[in-house]
Amino acid sequence: MMQTFESRFRPRDGALLDLDSLVAISQAPGQVLQAQLLARWPGATSLVLEGLQISGAEVEGPPGTRRPDSTRDSVLVSPGAAIVTGPDGLPTLVQLRREESVPWPVPKLGSAVAGVLALLVEEQPESAAGGLTVARSRLRVRLGFAKLEQASAPHILPLARSIGNSRDWATDIRRLVVPEDPIVQGLIAQVKKLEGRVWDADPKGAVWDNAVMGRHWVRYQTVAVAALQSAAMQLHCTAMTTQERVRLLTHLRRQLRDSVEEAADILGNQLGRPEYADAYRSVVEL
């Protein structure tokens, strides 16, 4: 039977505090954060916990889509916190304590550029007075733009991504947000609005044509509205990651297709064209 071992710091009277013991201590916080990431988003290497939102007006498109002011030569990023994978391969908690201004990569184009606004950390060794080596390093948080294909790199946390005409930027890429966040409030408003559309919908669709639930149209409408209310309840009550919101909307759209297809089509259209839907593309393409 194969066995693997991990070092764990375990102090005992008279035990030697060697380098490996100190390494075990230093790795413990990263392992805790890694466990939290695995629990909420398997495979994720980074996650926005709060804030770190770009300035700009909210516009139609995938949840969290914003249009920054194209007359400015930079975009503002709000204070916030995130879990980001560091140079050592372990996640670390980073905080942006004040609003930061990030220049656009091509000043003449302003916000009309194709790319990703990303956050990453760099580790810099520190030394004491006289150049003495000390057992600590400084983590430097960097904000800047990267190419679209670089957004999936494990050491990069994407905060916003250009979509459509490149003047609109999707921000719900890798975020944990609470129900009060504008991203979730916008989704709740869309879901509640769909309820009215369901009750006004005419009997049609493949499920209706095949009489899957009989010939009483109100039964199909009731199933659809129940699915919408269930989704709205989850959005109201639970802080969710982007992946969890995508899963919720994917399941919701399946439920609507099995009852009132028109509502499923409307939900897909609200999220935008597949090539612009970004993290929500799987919902649109369903």
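See the structure printed just above.
Since the structure is predicted, the reported quantities are computational estimates derived from the model, not experimental observations. (Residues numbered from 1 in each chain as written. Predicted model: local features only at pLDDT ≥ 70, side-chain atom pairs only at ≥ 80, totals over all residues. Heavy atoms only, no water.)

Take the packing of aromatic side chains next. Both the distance between ring centres and the angle between the ring planes are used here to describe each pair of aromatic rings. Scanning the entire structure with this criterion turns up six aromatic pairs. With centroids separated by 5.9 Å and ring planes inclined at 70°, the aromatic side chains of F145 and W169 adopt a geometry described as edge-to-face. Placement of F145 in strand β9 (residues 133–146) and of W169 in strand β11 (residues 168–170) is noted, with a sequence separation of 24 residues between them. Each ring, one from W208 and one from W217, has its centre 5.4 Å from the other, and the planes form 80°; the classification is edge-to-face. When its relative accessible area of 14% is taken as the criterion, W208 is described as buried. Grouped by ring-pair contacts, the aromatic residues W104, F145 and W169 constitute a single cluster. The ring of W208 is capped by R215, whose NZ or CZ atom sits 4.7 Å from the centre of that ring. (Phe/Tyr/Trp six-rings, centres within 6.5 Å; stacked < 30°, edge-to-face > 60°. Helix = DSSP H or I, 4+ residues; strand = E, 2+ residues; numbered from the N terminus. Buried < 20%, exposed > 50% of the residue type's maximum accessible area, 1.4 Å probe, protein only. Lys NZ or Arg CZ within 6 Å of the ring centre and 35° of its normal.)

A few words now on helix α1 (residues 19–40). Look at α1: 33 Å from first C-alpha to last across 22 residues, which is about the 32 Å you get at 1.5 Å a residue. Roughly 35° is the biggest bend found in α1, and it falls at A28, with proline P29 one to four residues downstream. Every buried residue belonging to α1 is among S21, A24, G30, L33 and L37, and all of these are buried. Check the buried side of α1 and you find it contacts β1 (47–51), β5 (80–85) and β6 (91–96). (Expected span 1.5 Å × (residues − 1). Bend = angle between axes of the 7 residues up to and from the residue. Contact = heavy atoms within 4.5 Å.)

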